[in-house]
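Descriptive structure summary
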Amino acid sequence: MATTTMTMAKALNEGLRRAMERNKKVLLMGEDIGKLGGVFRITDGLQKDFGEDRVIDAPLAESAIVGTAVGLAIRGYRTIVEIQFDGFVYPAFDQIVSQVAKLHKRSDGVYNMGLVIRLPFQGGIGAIEHHSESPESYFAQTAGLRVVSCSTPNDAYWMIQQSIEHDDPIIFCEPMSRYWEKGQVDLDQPPSGLFDAVVRREGTDVTVVGYGASLKTILRAAEAAQGEGVSVEVIDARSLAPLDIDVLVTSVEKTGRLIAVQESPHTASVGSEIVAEVSQRAFYSMRAPGLRVSGYHVPYPPTRLEDDYRPTVDRILDAVDRVMEF
Amino acid sequence: MATTTMTMAKALNEGLRRAMERNKKVLLMGEDIGKLGGVFRITDGLQKDFGEDRVIDAPLAESAIVGTAVGLAIRGYRTIVEIQFDGFVYPAFDQIVSQVAKLHKRSDGVYNMGLVIRLPFQGGIGAIEHHSESPESYFAQTAGLRVVSCSTPNDAYWMIQQSIEHDDPIIFCEPMSRYWEKGQVDLDQPPSGLFDAVVRREGTDVTVVGYGASLKTILRAAEAAQGEGVSVEVIDARSLAPLDIDVLVTSVEKTGRLIAVQESPHTASVGSEIVAEVSQRAFYSMRAPGLRVSGYHVPYPPTRLEDDYRPTVDRILDAVDRVMEF
Amino acid sequence: MIDEELVQLLTPEGERVAQPDYESTLDGDQIFSMYRDMVIIRRICNEGTSLQRQGQLALWAPIQGQEAAQIGAGRAMGPMDFSFPTYREHGIAWCRGIPPVDWFRLFRAVSNGGWDPQKYRHSVPTVVLGNQALNAVGYAMGVQRDGAEEAVMAFFGDGASSQGDVLESFVWAATFNAPVVFFLQNNQWAISEPSSLQAKIPLYHRAEGFGFPGVRVDGNDVLAVYEVTKRALEHARVGGGPTLIEAFTYRMGAHTTSDDPTRYRVDAEVEVWKHRDPVERVKSLLVHEYKVKKTALSAVTAEADAMALKLREDVLAMGRPDPITMFDHAYAAPHPLIEEGRREMIDMGISGGSH
Amino acid sequence: MIDEELVQLLTPEGERVAQPDYESTLDGDQIFSMYRDMVIIRRICNEGTSLQRQGQLALWAPIQGQEAAQIGAGRAMGPMDFSFPTYREHGIAWCRGIPPVDWFRLFRAVSNGGWDPQKYRHSVPTVVLGNQALNAVGYAMGVQRDGAEEAVMAFFGDGASSQGDVLESFVWAATFNAPVVFFLQNNQWAISEPSSLQAKIPLYHRAEGFGFPGVRVDGNDVLAVYEVTKRALEHARVGGGPTLIEAFTYRMGAHTTSDDPTRYRVDAEVEVWKHRDPVERVKSLLVHEYKVKKTALSAVTAEADAMALKLREDVLAMGRPDPITMFDHAYAAPHPLIEEGRREMIDMGISGGSH
Ligand SMILES: Cc1ncc(C[n+]2csc(CCOP(=O)(O)OP(=O)(O)O)c2C)c(N)n1
Ligand SMILES: Cc1ncc(C[n+]2csc(CCOP(=O)(O)OP(=O)(O)O)c2C)c(N)n1
Ligand SMILES: [Mg+2]
Ligand SMILES: [Mg+2]
């Protein structure tokens, strides 16, 4: 088993490289992804190696980036779009909802809409406004799309490749704040299917589920809870749409308690979906109401305050206490 | 008490007229809203009476319609935007999420973002694609916005006026399929606050909550259930964000059973929110899992099939059976 | 209307106009065949309107008045070119060889597409104004990467030309020198809004500001539209880059069958444009210059009538699809919510489950 | 760079250029005062960069090289005009009278705005490229409805000029003849992308395609920028409609302190532009034509240093706001989720609850 240590940024870069080597129809498109290698250097060196025709620096217009990726898909290309930051995906929302999500259906299956929209997301990097949002719920609500998120370098390496190979359009959410953290990457074997949830830590008292950057916080909270005698099972949802609901239900059937963690506000969100769906399927197992720990219902604050906006270890522990004491 | 009978379309028209008479700063803007009076004639006669400066036929660009409404708000105007159909709100999504929802906050409360985006929504009119969608969940998820929906002419008349007077930006969802149905309108007294849920029919066994066009279907289902000996309490959510959760919890504390009905797919939706939130707050009262009856997770189908896509009386009754038998 | 800016090869009276830059390359047979196309699509369009009136269609979007623009453009396209239409490009669909009944699936509300877009090299209709302009440029970028000598046509209207997507597509086409022809049918109206609301100067000028040529052609003159489009496509195929063609024409009928134009435009305007009818002027040319006989002309009318009759039958035969088909092709790969939905429909007896 | 299209009143060497259309109306004192502005904002900008290096700011967006463009434009604005900036318009903020410390709130990540936009008639920064162009046109439509003789300035860059919002704002400004001046600072770069990626021909030409005038001005020549902008604003105020001004300039520094320009541009290019420094050329004019003394010049430098020092103190004093302030002004009216959030924060001891 060839494993090696690398950052999530490097893992994504290597994953993209593998996919481009494997399939000449794979293109990358985005702002500053060429010479600069992207503002996060995820595409570093790829334009040099694959040329300007395959790694395309785009004029600054997100609707056009996605809209032309749609046309390229119709022509048989598979474009991996980089949106520079979460908050800049909205100009492309119309193309995503009206074309990307619907053209496979509208063409009776003739058009292959296998494109990937890479979306650096969530906060924690101390940036200015619009650089720390969590727009995943908008896409999860949209029929025709799939939404996934990685939380480790190994997942990043494999999930980006699996996404590129997949024939449905995928919103690929990357937790910016984890780009520079290192982890083991297995270069031979994918850890699991693209749409599988994974138990990151086993426990018996409470199930806490999250994705992306939240995982690290949740694992810390689980560690702290252990110290207080509470055994937390931690699940990385990985696929936000569709949810791997069986893994969640199985866990809650064991623990009887559920907490969903996310950075976006909780109204009409992936967290709402998790709680609603698990509450339904594991009704008799639930010993306490399913709770959500999420960003507050305010525009993302100036980042000097972001640590108190994003779910903290303390807020997760508080929720753990509440479900344990219920 | 001066009551009169009119269609929802007329009630909206009259409500807009009242608001424009009351406040000279109120403007209307949208596509074809002038001479034509809008494709649904909601603004019929208003340009004639208030002039082209106050009822503005807009070039065809939704981002610009909302984006200029933002500028007008900064200048002290209060613009009621008409989006021609649900599916055409997405080009304006960026302005709505990045500016409309955030500028009051960003300006530390200096800018008044009291504008209203009127959104004809839901299906049932046998239209072609993009004319029958239910995008309310996207806006419910967005901090900084409020989302309301009317289901009767009386609510339409009052809620549009209350929305125009309100100082936060409001997404005002109008059920197109109900535009031509008549109802009593009380010209003196609003039926309730803008953000209040209302019990439309009292019952003891199951709480069914919905909004907009779904209400009529739910009331029919309640009638049918009555025939089978099941007493359904029907709640019109009216405000989708924020939800009037107390009314829902009170009802479920009585009935012990909850069904949320909506036309959009259920993932990460208003329905998810209702079920998640009520399941939490009324945990011990719930005798069965909260269910959702919603549109299927597919792009809105060709409308010859829409009656089987939208929640039907049968599907609601089926859910009623399931929670009763649980 | 008839101004210096306009490329015109045939006057409304059917007389030839000398245009050194765009000499007509068509012979009598070809012109006759275009005349036939125009008569047929007009006839089919009328059938659409009457089918809708009779409750057989959810909607119909007529093209009366725009036949020359569409047949001229459609016939100029090569077999390997690819086009991106709106909801109104029936004439283009005809030229691409798509059976008329297929255009009606959308309007009978039994499909959101209607034909195999790869087979006919004509995309499914785009209803969201302007989206397709970007899709077309993207497709054209693919053509470039394939090194193919093909061009792409993006269709849109005067109203849609205000949309960010259309304007961004100009930026991209210029930057990437994409082999795309933007074909703007300025039919003077966007539902109730006159084109003067979208632009204060002729729309074709926009292209120049982005650094590629724009040309205004008499959209009611099939000869001129054909030549102008053909040259633009050739230009694109050999790496010359994009062109914006503004076909100056008129929507003689309602926006769609849901529309009531009497609310916003005066009859006199429609009368003026009747004198510029695109079908009449070719007919006049055929009769006077090519001595085409009355019998030949009435044969075309009869053929069109027969096609309309056949079409009507086909449309009426178009049944309601099995509801379970709504799950087909929503996703390419298996999806749990699709399985769940299918199961529910079968369990509730809404569908037998075949599809 | 110096081409015929460019309005220039002062060469890089500080010599006057005759420009019959745009004669300079400034006297020596006014020019000196603009020189002072430029020196001060450059100095403040440098302070921003060093504060960021020292970990005191989350980010800084320098304007080195663009001082003339911003001071020329900012000084041309009247007191009742209103402007819509991006994240980089520090020179405009200075001209609007906004205390420098307020511009730093955004970059210290303690606010997403920083000043009272109505008081200074200068909106809060827009980070999403292009959004503000539409907001500006909307504001201008309000000015029209008020019958006020005011104009609105919309600022954006060469990169942002590809966004649909900016292009739609051109459509709207033309259609409604809005009293708006689009001020495009073409600083040659959008992070790593050269302006040639956004346009193949000079950007100011876009305006003509939409039916209003576009003009390219030497953005490193404060005299020219001032005159061109002043005329455009006057034109707008009296109902003349919009103008697009392309200030041709150069971003001497990094895009922001997060950026590393060595990855994508060559030193030689930066060297060329150093010879066109906007501050040096006015200085040269002042020394040669107006015989301004060295002491007067060094007094300005000293003043700028003192301001920067004071600013540094103010920035360092800018503490972390109480977390509970994140709930303030999220909504204008009471909202249950806001109350809930506030309560949670107080209950968890994160905030004392004052705000
Ligand atoms: C984004 C969007 N907004 C609004 C509509 C509704 N709509 C359909 S057709 C139309 C008018 C289009 O006019 P034009 O582009 O001139 O094309 P024409 O119908 O005249 O062929 C409008 C407003 C739409 N389809 N898409
Ligand atoms: C919609 C959007 N997409 C991407 C970004 C990220 N971004 C910030 S500044 C910038 C470059 C802007 O270049 P330009 O408009 O030339 O302005 P300049 O920074 O040169 O002043 C980019 C891509 C953004 N802020 N908004
Ligand atoms: Mg039109
Ligand atoms: Mg720039």
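Cut-offs applied
Residues numbered from 1 in each chain as written. Chains lettered and ligands numbered in written order. Predicted model: local features only at pLDDT ≥ 70, side-chain atom pairs only at ≥ 80, totals over all residues. Heavy atoms only, no water. Helix = DSSP H or I, 4+ residues; strand = E, 2+ residues; numbered from the N terminus. Rg over C-alpha atoms; globule rule 2.2 N^0.38 Å. Buried < 20%, exposed > 50% of the residue type's maximum accessible area, 1.4 Å probe, protein only. Contact = heavy atoms within 4.5 Å. Areas by Shrake-Rupley, 256 points an atom, 1.4 Å probe, with all protein chains shown as cover. Axes fitted to C-alpha atoms, helices over the stretch in contact; angles between N-to-C directions. Parallel < 35°, antiparallel > 145°, perpendicular 65-115°, else oblique. Left-handed = near helix turned anticlockwise from the far one by under 90°. Buried area = accessible area lost by both parts, 1.4 Å probe. Salt bridge = Lys/Arg side-chain N within 4 Å of Asp/Glu carboxyl O. Near = heavy atom within 4 Å. Polar contact = N/O pair within 3.5 Å; in protein donor to acceptor, adjacent residues only side chain to side chain. Donors = N, O, S within 2.8 Å, 3.2 Å for Na, K, Ca; no water. Core = buried A, V, L, I, M, F, W, Y, C linked by side-chain atoms within 4.5 Å. Phe/Tyr/Trp six-rings, centres within 6.5 Å; stacked < 30°, edge-to-face > 60°. Lys NZ or Arg CZ within 6 Å of the ring centre and 35° of its normal. Pairing = 2+ DSSP bridges. Right-handed = clockwise from strand over helix to strand, strands pointing away. Nonpolar A, V, L, I, M, F, W, Y, C, P; charged D, E, K, R; others polar. Domains from an automatic or database assignment.

This brings us to the overall build of chain C. When its secondary structure is counted, chain C shows 13 helices and eight strands. Here the C-alpha radius of gyration of chain C, 21 Å, is about what a compact globule of 355 residues would show, namely 20 Å. Oriented by its inertia axes, the alpha-carbon framework of chain C measures out at about 70 × 50 × 40 Å. Here chain C, with 355 residues, has 66% of them falling under the buried criterion. At a minimum sequence separation of 6, the contacts of chain C that also span at least 24 residues come to 74%. Accessible surface for chain C amounts to roughly 11900 Å². Of this, 52% is attributable to carbon and sulfur atoms.

A word on the packing of helix 8 (residues 214-227) of chain A against helix 12 (residues 313-325) of chain A. All names here are of chain A. It is at 9 Å that the axes of helix 8 and helix 12 come closest, and there the two elements cross at 55 degrees. Between helix 8 and helix 12, the interaxial angle falls into the category oblique. Handedness of the crossing formed by helix 8 with helix 12: right-handed. In this structure, helix 8 uses Thr217, Ile218, Arg220, Ala221, Ala224 and Ala225 to contact helix 12, whose residues at the interface are Val313, Ile316 and Leu317.

Put simply, an interface is often sized by how much accessible area is lost when its parts join up. The interface of chain B with chain C comprises 39 residues on the first partner and 44 residues on the second. Summed over both partners, the interface of chain B with chain C buries about 3500 Å², with 61% contributed by carbon and sulfur atoms. The largest per-residue losses of area from chain B upon contact with chain C belong to Leu60(B), Ile128(B) and Arg304(B), which jointly make up 22% of the total buried on that side. On the surface where chain B and chain C come into contact, there are three salt bridges. Among the salt bridges present, the one from Arg263(C) reaches Asp44(B), with a minimum N-O distance of 2.6 Å. Broken down by secondary-structure element, the contributors of at least two residues to the side of chain B that touches chain C are helix 11 (306-309) and helix 12 (313-325) of chain B.

A word on the environment of Gly219(C). All names here are of chain C. By the element assignment, Gly219 lies in the loop between strand 7 (214-218) and helix 9 (222-237). In this structure Gly219 comes out as buried when scored by relative accessible area, which is 0%. Considered as a pair, Gly219 and Phe248 are 29 residues apart in the sequence and their alpha carbons are 4.6 Å apart. In this structure Gly219 touches Ala68, Ala69, Val225, Ala247, Phe248 and Thr249, once residues within four positions along its chain are discounted.

Among the 20 residues in the neighbourhood of ligand 2, the closest are listed as Glu62(A), Tyr87(D), Arg88(D), Val127(D) and Asp158(D). More than one chain lines the surroundings of ligand 2; the residues nearby belong to chains A and D. Within the side chain of Asn187(D), one N or O atom sits 2.9 Å away from an oxygen atom of ligand 2. Note that an oxygen atom of ligand 2 is positioned 2.8 Å from one of the backbone N or O atoms of Trp189(D).

The reference angle at a metal is 109.5 degrees if four donors form a tetrahedron and 90 or 180 degrees if six donors form an octahedron. Residues and elements named next belong to chain C. Protein ligation of the magnesium ion (ligand 3) involves Asp158 (OD), Asn187 (OD1) and Trp189 (O), the donor distances falling in the range 2.1 Å. Coordination of the magnesium ion (ligand 3) draws on donor residues from a single chain, spaced D-x28-N-x1-W in sequence. With Asp158 in the loop between strand 3 (152-157) and helix 7 (164-176) and Asn187 in the loop between strand 4 (180-186) and strand 5 (189-190), the pair connects residues that are 29 residues apart, well separated along the chain. When its relative accessible area of 1% is taken as the criterion, Asp158 is described as buried. Asn187 sits in the buried class, given a relative accessible area of 5%.

Core analysis: the biggest nonpolar cluster contains 400 residues, and Trp172(C) and Trp172(D) have the highest contact counts within it. When residues no more than four places from it in sequence are discounted, the contact partners of Trp172(C) are Met29(A), Ala58(A), Pro59(A), Ala61(A), Ala64(A), Ile65(A), Thr68(A), Val137(C), Met141(C) and Asn177(C).

Our next topic: the packing of aromatic side chains. This model, assessed by the stated rule, comprises 69 aromatic pairs over all chains. Ring geometry for Phe82(C) and Phe84(C): centres 5.3 Å apart, planes at 45 degrees, overall tilted. For Phe84(C), a relative accessible area of 1% gives the class buried. Directly above the ring of Tyr77(A) sits Lys25(A), whose terminal nitrogen or CZ lies 4.4 Å from the centroid. When the ring centre of Trp273(C) is taken as reference, the NZ or CZ atom of Arg276(C) above it lies at 4.5 Å.

The next subject is the pattern of salt bridges. Counted under the stated rule, the structure contains 104 salt bridges over all chains. Where Glu227(C) meets Arg231(C), a salt bridge forms, and the shortest distance between an N and an O atom there is 2.9 Å. Of the two residues, Glu227(C) and Arg231(C) both sit in helix 9, four residues apart, roughly one turn of that helix. Judged by its relative accessible area of 0%, Glu227(C) falls in the buried class. One salt bridge in this structure joins Glu47(D) and Arg43(D), with 2.8 Å as the shortest N-O distance. One end of the pair is Glu47(D) and the other is Arg43(D), both in helix 1 (residues 28-53) and four residues apart, which spans about a single turn.

This part covers the coordination of the magnesium ion (ligand 4). Residues and elements named next belong to chain D. Within the protein, the magnesium ion (ligand 4) binds to Asp158 (OD), Asn187 (OD1) and Trp189 (O); these donor distances fall in the range 2.1 Å. Donor residues for the magnesium ion (ligand 4), ordered by position in the chain, follow D-x28-N-x1-W. Side by side, Asn187 and Trp189 carry an identical accessibility label, which is buried.

Strand-to-strand pairing in sheets goes through backbone hydrogen bonds, with the strands running parallel or antiparallel. Residue and element names in this part refer to chain B. Ordered by their spatial adjacency, seven strands build an open sheet running 3-2-4-5-7-6-12, and the pairing between neighbours is mixed. Either end of the sheet is taken by a strand with one partner, and the two such strands are strand 3 (55-57) and strand 12 (239-241). Pairs of neighbouring strands in the sheet enclose a mean axial angle of 20 degrees, with direction left out of account. In the sheet, strand 2 (residues 26-30) pairs with strand 4 (residues 78-82) via five bridges, with the strands oriented parallel. When the sheet's bridge partners are listed, Val26 is paired in strand 4 with Arg78. Helix 3 (residues 62-74) contacts strand 2, strand 4 and strand 5 (116-121) of the sheet and is inclined by roughly 165 degrees relative to strand 2.

Residues and elements named next belong to chain A. Among the five residues of strand 11 (residues 232-236), five are classified as buried, and the element is accordingly described as predominantly covered. Alternating residues of strand 11 divide into Val232, Val234 and Asp236 and Glu233 and Ile235, and every residue in both groups is buried. Taken together, the three bridges between strand 9 (residues 198-201) and strand 11 define a ladder with antiparallel strand orientation. Residue pairing across strands places Val199 opposite Ile235, the latter belonging to strand 11. Bridge count between strand 10 (residues 206-210) and strand 11: five bridges; the pairing is parallel. Counted as the bridge partner of Val208 is Val234 from strand 11. In this view, the connection linking strand 10 to its parallel neighbour strand 11 by way of helix 8 has right-handed handedness.

Turning our attention to the site of ligand 1. Near ligand 1 you find 20 residues, and of these Glu62(B), Tyr87(C), Arg88(C), Val127(C) and Asp158(C) are the closest. The environment around ligand 1 is built from residues contributed by chains B and C. Here an oxygen atom of ligand 1 sits 3.3 Å away from a polar atom, N or O, in the side chain of His255(C). Across the complex, the protein chains shield 96% of the 580 Å² of accessible surface that ligand 1 would expose by itself. Of the residues in the shell around ligand 1, the class split is ten nonpolar, six polar and four charged.

Take the domain arrangement of chain A next. Residue and element names in this part refer to chain A. For chain A, the assigned domains are domain 1 (3-186) and domain 2 (198-325). On a C-alpha basis, the centres of domain 1 and domain 2 stand 26 Å from each other. Of the residues lining the interface, 26 residues belong to domain 1; the matching set on domain 2 comes to 23 residues. When domain 1 packs against domain 2, the two sides together hide about 1900 Å² of surface, and 47% of this comes from carbon and sulfur. Between the two partners, domain 1 and domain 2, sit three salt bridges. As a salt-bridge pair, Arg200 and Asp155 come within 2.7 Å of each other at their nearest N and O atoms. Summed over the shared surface of domain 1 and domain 2, the result is 18 residue pairs in polar contact (both at pLDDT 80 or more). The biggest single contributor to the side of domain 1 that touches domain 2 is strand 6 (residues 146-149), with four residues.

Another point: the side chain of Asp186(A). Mapped onto the elements, Asp186(A) comes out in strand 8 (residues 182-186). Polar side-chain contacts of Asp186(A) include one of 3.2 Å to the backbone nitrogen of Gln189(A).

Residue and element names in this part refer to chain A. Read across the open sheet, the five strands follow the order 9-11-10-13-14; overall the sheet is mixed. For this open sheet the edge positions go to strand 9 and strand 14 (291-295), each flanked by a neighbour on one side alone. Neighbour-to-neighbour, the strand axes of this sheet turn through a mean angle of 30 degrees, independent of strand direction. Helix 9 (residues 245-255) rests against strand 9, strand 10, strand 11 and strand 13 (258-265) of the sheet, and its axis sits at about 175 degrees to strand 11. The strands that helix 12 touches are strand 10, strand 13 and strand 14; relative to strand 14, the one it contacts most, it runs at about 165 degrees.

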